Amino acid sequence: MKKTFTLFFLFLTSMGVTVFAQNTLVKGVVIDAKYRTPVSYAALFMQGTPIGTVADNVGEFSFSVPDSLTNRQLVVARERFQLMYLSLDNRDPGELIIALQPDDYTERIQALRDSMTAGLSGFGGFLAKATKFVKNDWIPLGDPETNRFDLGRIQTFFTYNPVEGIRLRAGIASNSRLSPHFFVRGYTAYGFKDRRIKYRGEAIYSFAEKAYHEEEFPKSNLRLVYENDLYSPGEIHPYSPNDLLLITYRRSLNEATYRNFTEINYEKEYKNGLAHMLRVRRSRFVPQGKLQFDRDNALRTTDVGVQLRYLLREAYDQQKREKTALEMTAPAFFLSHTIGLKDFMDGDVAYHRTEFSIQKRFLLGNAGRLDAVGTVMKVWNKVPFPLLVYPNQQQLYHLVNNSFFLNRALEFVADEQYTLQMTFVGDDLLLAKMPVTDGLQLKELISLRVSHGRLSSKNNPELSPEGLYRFPSVSHQYNTAPYVEGSIGITNILGLLRVEYVHRFTYRDHPGALLGAFRVDVTL
């Protein structure tokens, strides 16, 4: 027996195991000292040893340290933050809050750019300042260190569309200085052509305490929304907020509606990349211009829905209202289902709608990157045309917006639809070889967008008119060929703009079809 114990002890010793060693569990969270938000993927290790770990995507960490090493300093390192040495003496190793100081890399780069533009002409200097102003997006109301409300979004202050003409919009949102759990936000807009006031208000309760605003990852939010605004069934997803960047409703003349709705939803995000949203909404749609709904010329819906999302390695750098994704190459999956309820809270239509989308960024070596978004949509029941599916009804997550441009908003009607959108952005190609364009950091842009679908006979008012509205004159069904358009251009102009020529390859014989056009858009 004694011999057996001796052999066992020698075996453990040869394996480098200390039988009677005592360990201390070191755990806590790494945060940004300036913004008080989590710092993802910081490296932590005991100085001079390989013992340590990497914080997770919300800055949390834990690892065991032999008691013989607790007198050494804990080293914390993360790109864009100052290196930190921390003594564990007189600290509770199980409740560490490590606040890293930013190295102000972004501020130094901006200062360098400002110094470069200082010698520009008056217009050049103004343009540089205007670009910075627009990219900042929100303006503190009062002292930036103590303000409780922000004014924004700046990009939507002034826009134009064929229905409203010039549209002015002003919004406001509270921050955590008012309450770390309860937030309010909203906007008011006015169109000088239609002479109508639009507005949206939100009240949000966050079950998790927030450093600055309610959209910080991970979310656990209960939200009440009321909106009364212009809405284009063919250009905006039914559940996308009417707060998108530079909305122009480019192809929605006489194809938009006025929509007001009340909604309550609950959104929950998890550290593993899974997220879900549950919602209940009651809406009323009234057509504008020459667009007509048969019967009482208004459509009322009541629906409940669920959306699931999965994004591997989801993590962000979060600074006030700015949230930058750290992982852009992992695929993102979206699955949603909506149920329309008839005769409940004045709902006119009973229906089911299902959507599935995959998004992926591919890195093509030094050449650049390719973003691809594939989406499938299906409406399972008989519904009026505002509830059908259209090419631009997509909820994009974190890839660059790449919406269809040359088709009319309601041009292609379908109750089953498939879309594929691909955008290539160059990195080390022709523009990178020329000193001037390389200095301006201009990049090549090539995109291709494809949609196809079918309309079942039950949703064709010519074959099954009962309960349906007549299609607008601009609406068509897909034939055997898909709708295809593509573009070529330049992006990252001033870090803000893209300019491209867009060409329509199919369905060029549709009356009034826009066959090609130059497009200027914002890339934020």
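For the structure, see preceding data.
Okay, so let's go over this structure. Counting from 1, residues in each chain are numbered in the order their sequence is written. Where local features are concerned, this predicted model is filtered to residues with pLDDT of at least 70; where side-chain atom pairs are given and counted, the filter is 80 or more; whole-chain, interface and lining totals use all residues. Where side-chain values are given, they derive from all heavy atoms of the structure, hydrogens and water being excluded.

1. Side note on unusual backbone geometry
Phase 1 of the analysis: Along the chain, Gly152 connects to Arg153 via a cis peptide bond; the corresponding omega equals -10°.
Phase 2 of the analysis: Helix numbering and strand numbering both begin at the N terminus, where a helix is a DSSP run of H or I of at least 4 residues and a strand a DSSP run of E of at least 2. In this fold, Arg153 is placed in the loop between β9 (149–152) and β10 (158–161).
Phase 3 of the analysis: A positive phi angle is found at Arg195, which is not glycine, with a value near 55°.
Phase 4 of the analysis: Assignment of secondary structure puts Arg195 in the loop between β12 (182–191) and β13 (196–206).
Phase 5 of the analysis: Although it is not a glycine, Lys320 adopts a positive phi angle of roughly 50°.
Phase 6 of the analysis: Tracing the backbone through its elements, the reader meets Lys320 in the loop between β18 (316–319) and β19 (322–325).

2. Side note on the pattern of salt bridges
Phase 1 of the analysis: Salt bridge criterion: a side-chain nitrogen from Lys or Arg within 4 Å of a carboxyl oxygen from Asp or Glu. Enumeration according to the criterion identifies 35 salt bridges in this entry.
Phase 2 of the analysis: Close ionic contact of Lys271 with Asp56 constitutes a salt bridge, the shortest N to O distance being 3.2 Å. Separated by 215 residues along the polypeptide, Lys271 in the loop between β15 (257–269) and β16 (274–287) and Asp56 in the loop between β3 (52–54) and β4 (60–66) bring together distant segments of the chain.
Phase 3 of the analysis: Since its relative accessible area comes to 22%, Asp56 is described here as partly exposed.
Phase 4 of the analysis: As a salt-bridge pair, Glu227 and Arg200 come within 2.5 Å of each other at their nearest N and O atoms. Of the two residues, Glu227 is situated in strand β14 (residues 220–231) and Arg200 in strand β13; the sequence distance between them amounts to 27 residues.
Phase 5 of the analysis: A relative accessible area of 13% means that Arg200 is categorised as buried. In this scheme, a residue with accessible area under 20% of its type's maximum is buried, one over 50% is exposed, and one in between is partly exposed, where area comes from a 1.4 Å probe on protein chains only.

3. Some details on the packing of aromatic side chains
Phase 1 of the analysis: Stacked, edge-to-face and tilted are the three classes for Phe, Tyr and Trp ring pairs, Trp counted by its six-membered ring, which pair at centre distances within 6.5 Å; planes under 30 degrees apart are stacked, over 60 edge-to-face, the rest tilted. A full pass over the atoms with the stated rule returns 16 aromatic pairs.
Phase 2 of the analysis: Judged by centre distance (5.2 Å) and plane angle (85°), the rings of Tyr190 and Phe192 are edge-to-face.
Phase 3 of the analysis: Given a relative accessible area of 30%, Tyr190 falls into the partly exposed group.
Phase 4 of the analysis: On the basis of relative accessible area, Phe192 is assigned to the partly exposed category, the value being 47%.
Phase 5 of the analysis: Ring geometry for Phe404 and Tyr483: centres 6.0 Å apart, planes at 40°, overall tilted.

That's the geometry; what it means functionally is another story.
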